[in-house]
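The residues making up each chain are set out below.
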Amino acid sequence: MQEQVKKTDSGIPIKKVYTESDLPNNLNGELQPGSFPYTRGVQADMYRGKLWTMRQYAGFSTAEESNKRYHFLLSQGVMGLSVAFDLPTQIGYDPDHSLSDGEVGKVGVSICTLADMETLFNDIPLDKISTSMTINSTSFILLALYVALAKKRGIDIKQLTGTIQNDILKEYAARGTYIYPPKYSMRIITDIFEWCGFNLPKWNSISISGYHIREAGSTAVQEVAFTLSNGKAYVKAAIEKGLDINVFGKRLSFFFNAHNNLFEEVAKFRAARKMWAEIMKELGATDEKALMLRFHTQTGGATLTAQQPHNNISRVTIQTLAAVLGGTQSLHTNGFDEALGLPTEEAASIALRTQQIVAFESGVTDTVDPLAGSYFVENLTNQIETEANKLIQQIDQMGGSVMAIENGFMQNKIADSAYAYQKNIESGEKIIVGVNKFISEIKNPIPVLKIDESIRQDQINKLNKIKETRNQANVDSCLMAIKQAAKGTDNLMPVVIDAVENYCTLGEIADILRSVYGEYQA
């Protein structure tokens with residue numbers, strides 16, 4: 001009987017045994033961590049020098065409720081905050097907009113004015129805490145709000161540390177929270193790069209995200225290829241704007257997913273580092289920090305099951321190990337109950353403790369890149385690099401990521417992979433414990449965090465009070481200044497910061513740009 005061929009989730013065949021003959025030919029040139037092409041890590045001592053930043057992604061309901069959760073997480077040992085915003089905030093609608101109905105505070109916190117931002121970060125020292133904001137089409141507005149809050153508190157904004165996701169290309173390809181057509185979205189992003197380069201030297205002005213590409217159903221190989229291809233598009237756009245790759249290149253960061261296939265995930269992270277270093281070198285970067293791929297990881301939301309949800313604790317542990325063994329700089333671990341709803345405090349605590357146990361009890365942080373030299377891992381790293389580069393070459397031949405997205409190439413590849421993966425689950429070829437095998441009839445109800453439907457009206461009431469007390473003449477003047485900047489070539493960030501300082505709302509700012517740029521229709 002012929003033995004079934006084993007494959008990774010990306011379809012890469014796995015041999016029964018790997019030997020020295022399976023090692024890549026160029027391996028000797030990549031033995032030192034902290035040296036080009038950084039396959040083994042971007043720091044020479046990695047976690048012996050400094051652990052990754054332990055984050056917990058949180059945001060729900062109102063700014064008041066989210067602030068309470070942030071204080072709880074900080075008390076439990078979180079090193080940095082990651083803010084989730086609700087859908088209206090993500091796509092530029094205030095809570096009183098008709099399209100906000102039923103969505104306010106549901107998948108993140110509702111933010112529309114500087115007053116909301118003040119409440120969200122009440123008693124949180126912005127100059128001492130790193131803040132990551134998962135926001136894309138309205139990222140420039142949320143960054144402006146954060147900067148305005150720091151200025152109001154008398155904080156030197158040059159000391160602010162954190163990240164805005166600001167990765168609009170993956171929204172067109174995989175997620176859907178876009179507003180403006182790609183050309184104008186790229187203009188906003190390069191304005192952010194330029195402004196941050198002069199004003200926020202410690203801030204990561206983009207987090208180029210493979211996470212949502214993977215959540216949409218891509219393979220690990222596609223996650224690397226599409227993410228790095230999008231990264232190339234942003235770099236080229238910034239160069240065309242006249243920005244210095246050795247300056248803005250140092251503030252680029254990445255955001256990857258971690259799934260359950262431990263060795264493929266480790267190899268994916270290692271391959272991505274090497275590939276990005278070579279891409280940046282080809283594009284003209286010479287500063288070593290501009291060549292380094294630094295990344296945040298989040299454990300795979302799509303891997304969580306509503307069936308037997310406590311099994312998700314084990315899944316998250318495997319994914320945490322993959323991220324750490326792969327050399328992540330920052331990590332969020334999902335709560336075991338997130339297939340059912342927003343994480344409860346208990347689930348968030350267990351998720352954070354998982355990181356802490358890996359950091360302080362497992363021993364995997366004691367040496368740099370402990371899987372280096374593994375015949376299997378080195379071979380798999382090389383194969384992922386090879387396959388991902390083939391996809392990038394295809395995209396380059398189309399004219400780059402924007403063209404590949406506009407003609408549906410990325411979307412179709414992701415859809416095909418998602419379909420094939422689901423077919424394998426339904427046929428039983430791919431086993432998901434508790435879903436298609438080892439099914440239990442025992443029901444253990446899990447408490448689920450529910451968001452009160454009255455939240456929207458509460459937010460509308462707050463918004464109305466702001467509008468009653470602000471200086472409307474100043475608001476009108478600020479919105480007109482944004483419109484003029486959008487029609488011309490002036491950087492948008494200064495006028496947007498001025499607008500939020502005068503309590504213009506997120507929806508008003510997004511709408512004034514809609515009037516100039518229009519909206520993208522897929």
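Residues numbered from 1 in each chain as written. Predicted model: local features only at pLDDT ≥ 70, side-chain atom pairs only at ≥ 80, totals over all residues. Heavy atoms only, no water.

K.L.:
Sorry, what's going on with the overall build of the chain here?
P.N.:
Along its length, the chain carries 20 helices and 11 strands. For the chain, the C-alpha radius of gyration of 23 Å lies close to 24 Å, the compact-globule estimate for 522 residues. Principal-axis analysis of the C-alpha atoms gives the chain an extent of 80 × 60 × 45 Å. Taking the contacts inside the chain whose residues are at least 6 apart along the sequence as the reference set, 78% of them involve residues at least 24 apart. Surface exposure of the chain reaches about 21,400 Å², of which carbon and sulfur atoms provide 50%. Separation between the mean location of the 51 positive side-chain charges and that of the 59 negative ones in the chain comes to 2 Å. (Helix = DSSP H or I, 4+ residues; strand = E, 2+ residues; numbered from the N terminus. Rg over C-alpha atoms; globule rule 2.2 N^0.38 Å. Contact = heavy atoms within 4.5 Å. Areas by Shrake-Rupley, 256 points an atom, 1.4 Å probe, with all protein chains shown as cover. Lys, Arg positive; Asp, Glu negative; His and termini not counted. Charge placed at Lys NZ, Arg CZ, Asp CG, Glu CD.)

K.L.:
Teacher, can you tell me more about the pattern of salt bridges here?
P.N.:
Opposite charge on two side chains lets them pair, provided their charged atoms get close. Following the criterion strictly, the structure yields 27 salt bridges and no others. A salt bridge links Glu65 to Lys68; the nearest nitrogen and oxygen atoms lie 3.3 Å apart. Of this pair, Glu65 and Lys68 both sit in helix H1 (residues 63–75), three residues apart, which is roughly one turn of the helix. Linking Lys467 and Asp96 is a salt bridge whose minimum nitrogen-to-oxygen distance equals 3.7 Å. With Lys467 in helix H17 (residues 455–469) and Asp96 in the loop between helix H2 (87–90) and helix H3 (114–120), this pair connects stretches of sequence that are 371 residues apart. (Salt bridge = Lys/Arg side-chain N within 4 Å of Asp/Glu carboxyl O.)

K.L.:
How do you make sense of helix H8 (residues 220–240) when you look at a structure like this?
P.N.:
In an α-helix there are 3.6 residues to a turn, and that puts residues three or four apart on one side. Its 21 residues give H8 an end-to-end C-alpha distance of 30 Å, which sits within 8% of 30 Å, the value for a rise of 1.5 Å per residue. Here H8 lies mainly inside the structure; 18 of its 21 residues are buried. (Expected span 1.5 Å × (residues − 1). Buried < 20%, exposed > 50% of the residue type's maximum accessible area, 1.4 Å probe, protein only.)

K.L.:
Help me out: how do you make sense of a nonpolar patch on the surface in this one?
P.N.:
Taken together, the side chains of Ile431, Val433 and Phe438 make up a nonpolar region of the molecular surface, amounting to roughly 280 Å² of accessible area. For Val433, the position within the fold is in the loop between helix H16 (409–427) and H17. (Patch = residues over 30% accessible without salt bridge, like charges linked within 9 Å, V, L, I, M, F, W, Y side chains within 5 Å.)

K.L.:
Please clarify how unusual backbone geometry should be interpreted in this entry.
P.N.:
A negative phi holds for most residues other than glycine; trans holds for most peptide bonds. Residue Pro37 is reached from Phe36 by a cis peptide bond, and omega for that bond is 5 degrees. On the secondary structure map, Pro37 appears in the loop between strand S2 (13–14) and strand S3 (53–58). Residue Ser61 is not a glycine yet carries a positive backbone phi of 60 degrees. Within the secondary structure, Ser61 is located in the loop between S3 and H1. Backbone geometry at Asp369 places phi at a positive 45 degrees, although glycine is not the residue there. Take Asp369: its relative accessible area is 7%, and that puts it in the buried class.

K.L.:
Please clarify how the packing of H8 against helix H10 (residues 262–282) should be interpreted in this entry.
P.N.:
To characterise two packed helices, one gives the angle between the axes of the helices and the distance between these axes. One can describe the packing of H8 onto H10 by two numbers: an axis separation of 10 Å at closest approach and a directional angle of 25 degrees. On the basis of their axis angle, the class for H8 and H10 is roughly parallel. Two packed elements cross with a definite hand, and for H8 against H10 that hand is right-handed. Here Ala220, Glu223, Val224, Leu228, Gly231, Lys232 and Val235 of H8 lie close against H10, whose contacting residues are Glu264, Glu265, Lys268, Ala272, Met275, Trp276, Ile279 and Met280. Class assignment for the residues of the contact of H8 with H10 results in nine nonpolar, one polar and five charged. (Axes fitted to C-alpha atoms, helices over the stretch in contact; angles between N-to-C directions. Parallel < 35°, antiparallel > 145°, perpendicular 65-115°, else oblique. Left-handed = near helix turned anticlockwise from the far one by under 90°. Nonpolar A, V, L, I, M, F, W, Y, C, P; charged D, E, K, R; others polar.)

K.L.:
Would you mind going over the side chain of Thr134 with me for this structure?
P.N.:
Locating Thr134 in the fold gives a position in strand S5 (residues 130–134). Setting aside its immediate chain neighbours within four residues, Thr134 contacts Tyr57, Val83, Phe85 and Gln165.

K.L.:
Would you explain the side chain of Thr89 in this entry?
P.N.:
As for its placement among the helices and strands, Thr89 is situated in helix H2. Beyond its immediate sequence surroundings of up to four residues, Thr89 is in contact with Val109, Ser110, Ile111, Ile135, Thr138, Leu142 and Leu506.

K.L.:
Explanation requested: the environment of Asn199 in the structure shown.
P.N.:
Mapped onto the fold, Asn199 is located in helix H6 (residues 182–199). Taking the C-alpha atoms as reference points, Asn199 and Lys158, 41 residues apart in sequence, are found 6.1 Å from one another. When residues no more than four places from it in sequence are discounted, the contact partners of Asn199 are Ile157 and Lys158. At a separation of 2.8 Å, a polar atom in the side chain of Asn199 contacts the main-chain carbonyl oxygen of Trp195. (Polar contact = N/O pair within 3.5 Å; in protein donor to acceptor, adjacent residues only side chain to side chain.)

K.L.:
How should the nonpolar core be read in this particular structure?
P.N.:
In summary, soluble globular proteins display a tendency toward joint burial of nonpolar side chains. If you look at the biggest cluster of nonpolar residues, it comprises 144 residues, and the most contacted ones within it are Met117, Phe121, Met133 and Ile509. Looking at this core, the element that brings in the most residues is helix H4 (residues 139–152), giving 11 residues. Apart from residues lying up to four places away in sequence, Ile509 is in contact with Phe140, Ile141, Leu479, Ile482, Val496, Ala499, Val500 and Cys504. Listed in part, the five residues of the second largest apolar core include Val104, Leu342, Ile451 and Ile455. (Core = buried A, V, L, I, M, F, W, Y, C linked by side-chain atoms within 4.5 Å.)

K.L.:
Teacher, can you tell me more about the pairing of S5 here?
P.N.:
Regular strands place their side chains on alternate faces of the sheet. The buried count for S5 comes to five of five residues, which makes it a mostly enclosed element. The alternating pattern of S5 places Ser130, Ser132 and Thr134 and Thr131 and Met133 on opposite faces, both of which are buried. With five bridges joining them, strand S4 (residues 80–84) and S5 adopt parallel strand pairing. Counterpart to Ser82 in the pairing with S5 is Ser132. Across three bridges, S5 lies against strand S6 (residues 162–164) in parallel orientation. Bridge assignment links Thr131 to a residue of S6, and that residue is Gly162. The parallel pair S5 and S6 is bridged by H4, and the resulting crossover is right-handed. (Pairing = 2+ DSSP bridges. Right-handed = clockwise from strand over helix to strand, strands pointing away.)

K.L.:
Would you take a moment to explain the packing of aromatic side chains for this structure?
P.N.:
Aromatic rings in a pair are described by how distant their centres are and how their planes are angled relative to each other. For the structure on display, the rule yields 20 aromatic pairs. Seen in terms of ring centroids, Tyr47 and Trp52 are 5.1 Å apart; in terms of plane orientation they differ by 75 degrees. Their pairing is edge-to-face. With respect to burial, Tyr47 and Trp52 carry one shared label: buried. Centre to centre, the rings of Tyr70 and Phe121 are 6.5 Å apart; their planes meet at 25 degrees, and the pair counts as stacked. Highlighted residues: Tyr70 in helix H1 and Phe121 in the loop between H3 and S5, separated in sequence by 51 residues. Each member of the pair, Tyr70 together with Phe121, is buried. Three or more aromatic residues joined by ring pairs make a cluster, and in this case those are Phe254, Phe256, Phe269, Trp276 and Phe295. Here the basic side chain of Lys15 rests over the ring of Tyr18, its NZ or CZ set 5.6 Å away from the ring centre. (Phe/Tyr/Trp six-rings, centres within 6.5 Å; stacked < 30°, edge-to-face > 60°. Lys NZ or Arg CZ within 6 Å of the ring centre and 35° of its normal.)

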